[in-house]
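# Commentary on secondary and tertiary structure
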Amino acid sequence: MNKAKVVTLGIQHLLAMYAGAILVPIIIGGALKFSTEQMTYLVAIDILMCGIATLIQVMRGKFFGIGLPVVLGCTFTAVSPIIAIGSDKGVGAIYGAIIASGIIVILISGVFGKLVKFFPPIVTGSVVTIIGISLIPVATNNMGGGQGAADFGSASNITLAIVTLVVILLIYRFTAGFIRSISILLGLVVGTIIAAFLGKVDFSPVNEASWLHMVQPFYFGTPTFDASAIITMTLVAMVSLVESSGVYFALSDITKTPVNSKDLSRGYRSEGLASIIGGIFNAFPYTTFSQNVGLIKMTGVKERRVIFVTGILLVLLGFLPKVAALTTIIPTAVLGGAMLAMFGMVVTQGITMLAPEIMRSPENAMVAAIAIGLGGGVIMVPEIFAVLPSSISVLTSNGIVCGSVTAIVLNIVFNMIGMKKEDPMHTQTIKVD
């Protein structure tokens, strides 16, 4: 394969994951009321760290790198927990929790194959569903123009959101292959162009942004370490590891590359290292992007050097604030329309994981019912367990943690005590990021 084709395929992989990569910092920064300058930095550093995390994982070293053609980015399962931590504990607690969870992942990487039995599809499906439910209000508020906006719910905002969503649906319905895989990105572009004609796009962030910048550790402040925040991000990390296992096995099958326990440990360790680096440079935890697996299957190109090119391009883009600033001009309502589609897919992915497990036994149906009901209840009424002592409220004050712990405990009670279960690692459904 010549160099021009390798670069072209690398760009294609970049475009396939770009919408998911930029939406995470835009959503989180918007929810935490970051300034335009902070938003530009957050998007740029996230893109750069996606590249670094990808390069770490694509290589095959002694301790790090699974050596498969996998692209990494921040999963949407981390969005809601990060917003909740930042809103309640401050930005420092976000990065303290990300760093700590990364260290924990590295420490347990060698034995996670044994721990994975506590995260079968009935548990991970419940967690993903709860996370998806917690994200829907974010999308809905943004469709109206953003909570607290002076023109919240205006006809222009709702129209922009619906038009963006319709464009995404039309592209998804009437195209196939690569174009379909970037339907969200194309929807954002079309929505922003329409908004520009309506005078709802401010180009000043692009004009003010510099062409080059240097990244710096702890840009948003010194990390702090809060127990509940660390537990939350560690649970998110473990769910991501379980789902990443599905991606690893899928790529192993596609590339005809056998994967053993040592390979998996290197893969898990790489995700932990990527999270630590992400926390230090005020980015995010990083995990496998499944849409790129679909692209590999579609194109039939399985060479790791294509993903190396993608990683290098992401790193280069991360040093260009002007490019990052382009993403910050997307109107909130346009983002809301795209978010509804993406977050709705998170919910349906959870349901897809749960459906066969619920059909398998009434016990599984009860596990999912209570976990989702309790987790969703705490998300909607966060003060419900306020009277509990602080030692317990660590597990009950956050809907995702509460639902996750409930699912784990009930699964042990109904499905593990005195019973033999099949290895769940090989039954995971690949996630949607």
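Just so it is clear, the model here is predicted, and its values are computed rather than measured. (Residues numbered from 1 in each chain as written. Predicted model: local features only at pLDDT ≥ 70, side-chain atom pairs only at ≥ 80, totals over all residues. Heavy atoms only, no water.)

## Comments concerning the pattern of salt bridges
Selection rule: Whenever a carboxyl oxygen of Asp or Glu lies within 4 Å of a side-chain nitrogen of Lys or Arg, that contact is scored as a salt bridge. Secondary structure follows DSSP: runs of H or I at least 4 residues long count as helices, runs of E at least 2 residues long count as strands, and numbering of each begins at the N terminus. Buried, partly exposed and exposed residues are distinguished by accessible area as a fraction of the type maximum, computed with a 1.4 Å probe on protein chains only: under 20%, between the cut-offs, and over 50%, respectively.
The final tally for this structure, using the stated rule, is four salt bridges. A salt bridge links Lys89 to Asp88, with the nearest nitrogen and oxygen atoms 3.7 Å apart. The salt bridge partner of Asp226 is Lys89, with a shortest N-O separation of 3.7 Å. In this pair, Asp226 is assigned in the loop between helix H10 (204–208) and helix H11 (227–255) and Lys89 in helix H3 (residues 79–89), connecting sequence segments 137 residues apart. For Asp226, a relative accessible area of 22% corresponds to the partly exposed category. Taken together, the shared-partner salt bridges connect Asp88, Lys89 and Asp226 into one network.

## Side note on the packing of helix H16 (residues 332–360) against helix H17 (residues 362–380)
Note the cut-off: Orientation is described by lines fitted to C-alpha atoms, with helices fitted over the stretch in contact, and by angles between N-to-C directions that extend from 0 to 180 degrees. Between 65 and 115 degrees an angle is taken as roughly perpendicular, under 35 as roughly parallel, over 145 as roughly antiparallel, and anywhere else as oblique. By definition in these notes, contact holds between two residues if any of their heavy atoms fall within 4.5 Å. Charged residues are taken to be Asp, Glu, Lys and Arg, nonpolar residues to be Ala, Val, Leu, Ile, Met, Phe, Trp, Tyr, Cys and Pro, and polar residues to be all remaining types, Gly included.
Running from N to C, H16 and H17 cross one another at 130°; their axes reach a closest spacing of 7 Å. Considered as vectors, H16 and H17 are oriented oblique to each other. Where H16 abuts H17, its residues Leu354, Glu357, Ile358 and Arg360 lie against Asn364, Ala365, Ala368 and Ile372. Of the residues contributing to the contact of H16 with H17, the split by class is five nonpolar, one polar and two charged.

## Some remarks on the state of the cysteines
Test applied: Criterion for a disulfide: a pair of cysteine sulfur atoms within 2.5 Å.
With the rule as written, the count across this model stands at zero disulfides. No disulfide involves Cys50; its sulfur sits 7.7 Å from the nearest other cysteine sulfur, which is in Cys74. When its relative accessible area of 0% is taken as the criterion, Cys50 is described as buried.

## Points about empty space enclosed by the protein
Short version of the rule: Space inside and on the surface of the protein is sampled on a 1 Å grid over the protein atoms alone, with a cavity defined as a set of points where a 1.4 Å probe fits but cannot get out and a pocket as an open set with protein on both sides within 12 Å along at least 5 of 7 lines; lining residues have an atom within 4 Å of a point. Grid points are joined across faces, edges and corners, and a volume is the space filled by probe spheres set on the points.
In total, this model carries two cavities of 30 Å³ or more according to the counting rule given. For the largest cavity, the calculated volume is near 120 Å³. Lining the largest cavity are 15 residues; nearest its centre among them are Ala237, Ser240, Ser275, Pro285 and Tyr286. Listed by contribution, the elements that provide at least two residues to the lining of the largest cavity are helix H4 (91–108), H11 and helix H12 (261–280). Here the element with the most residues in the lining of the largest cavity is H11; it accounts for five residues. Here the residues of the lining of the largest cavity are counted per class, giving seven nonpolar, seven polar and one charged.

## Comments concerning the confidence of the model for the protein
One rule of thumb: low pLDDT means the predicted coordinates there are not for detailed reading. So the rule is basically this: Confidence scores here are pLDDT values: one per residue, from the predictor, ranging 0 to 100.
Mean pLDDT over the protein works out to 82, with 91% of the residues at or above the 70 mark. Predicted confidence for residues 424–430 stays below pLDDT 50, and this span has 26 contacts to residues more than four positions away or in other chains.

## Topic: unusual backbone geometry
Working note: non-glycine residues mostly have negative phi, and peptide bonds are mostly trans. One non-glycine residue with positive phi stands out, namely Lys33, at about 60°. Within the element layout of this structure, Lys33 appears in the loop between helix H1 (3–31) and helix H2 (36–58). The class of Lys33 is exposed, set by a relative accessible area of 63%. Backbone geometry places Phe218, a non-glycine residue, at a positive phi of 55°. By secondary structure assignment, the location of Phe218 is in the loop between H10 and H11.

## Examining the packing of aromatic side chains
Basically, it comes down to this: Two rings from Phe, Tyr or Trp (for Trp, the six-membered ring) form a pair when their centres are within 6.5 Å of each other. A pair whose planes differ by under 30 degrees is stacked, one over 60 is edge-to-face, and the rest are tilted.
In total, this model carries six aromatic pairs according to the counting rule given. Of the aromatic side chains, those joined through ring pairs into one cluster are Phe34, Tyr41, Tyr95, Tyr219 and Phe220.

## Quick look at H17
We count it as follows: Multiply 1.5 Å by the residue count of a helix minus one, and that product is the helix's expected span. Note: the arc covers the axis-to-C-beta directions of the helix.
Here H17 is 19 residues long and its end C-alpha atoms lie 26 Å apart, about the 27 Å a rise of 1.5 Å per residue gives. Every buried residue of H17 is accounted for by Asn364, Val367, Ala368, Ala371, Gly375, Gly376 and Val378. One face of H17 carries all of its buried residues, which in axial projection span an arc of 160°. Those residues of H17 that are exposed and aimed more than 90 degrees away from the buried face are Pro362 and Met380.

## Considerations on helix H9 (residues 183–197)
If you check H9, its first and last C-alpha atoms are 21 Å apart, about what 15 residues at 1.5 Å a residue would give, namely 21 Å. Inspection of H9 places Ser183, Ile184, Leu185, Gly187, Leu188, Gly191, Thr192 and Ala195 among the buried residues, and these make up the whole buried set. Two residues or fewer after H9 comes Gly199, characterised by a positive phi angle close to 75°.

## Looking at the side chain of Thr192
Note the cut-off: Contacts described as polar in this section are N or O atom pairs within 3.5 Å, which, within protein, must combine one atom able to donate a hydrogen with one able to accept it, while residues neighboring in sequence count only if both atoms come from side chains.
Mapped onto the elements of the fold, Thr192 is located in helix H9. Among the polar contacts listed, one links the side chain of Thr192 to the backbone oxygen of Leu188, at a separation of 2.7 Å. The contacts of Thr192, once residues within four sequence positions are left out, are Val201, Ile330, Pro331 and Val334.

## Details of the nonpolar core
To be explicit about the condition: Only buried Ala, Val, Leu, Ile, Met, Phe, Trp, Tyr and Cys residues count toward a nonpolar core, and they belong to the same one when joined by side-chain atoms within 4.5 Å.
Ranked by internal contacts, the top residues of the largest apolar core, which has 116 residues, are Phe76, Phe284 and Tyr286. Take this core: its biggest share by element is 14 residues, from H11. Ignoring any residue separated from it by four or fewer positions in sequence, one finds Tyr286 in contact with Ile45, Asp46, Met49, Cys50, Ala53, Leu72, Gly73, Cys74, Glu271, Ala274, Ser275 and Gly278.

## What to know about the environment of Pro223
Turning to its location among the elements, Pro223 is positioned in the loop between H10 and H11. Judged by its relative accessible area of 15%, Pro223 is buried. For Pro223 and Gly90, which are 133 residues apart along the polypeptide, the C-alpha to C-alpha distance reads 9.5 Å. Setting aside anything within four residues of it in sequence, one finds Pro223 in contact with Gly92, Tyr95, Gly96, Ile99 and Phe218.

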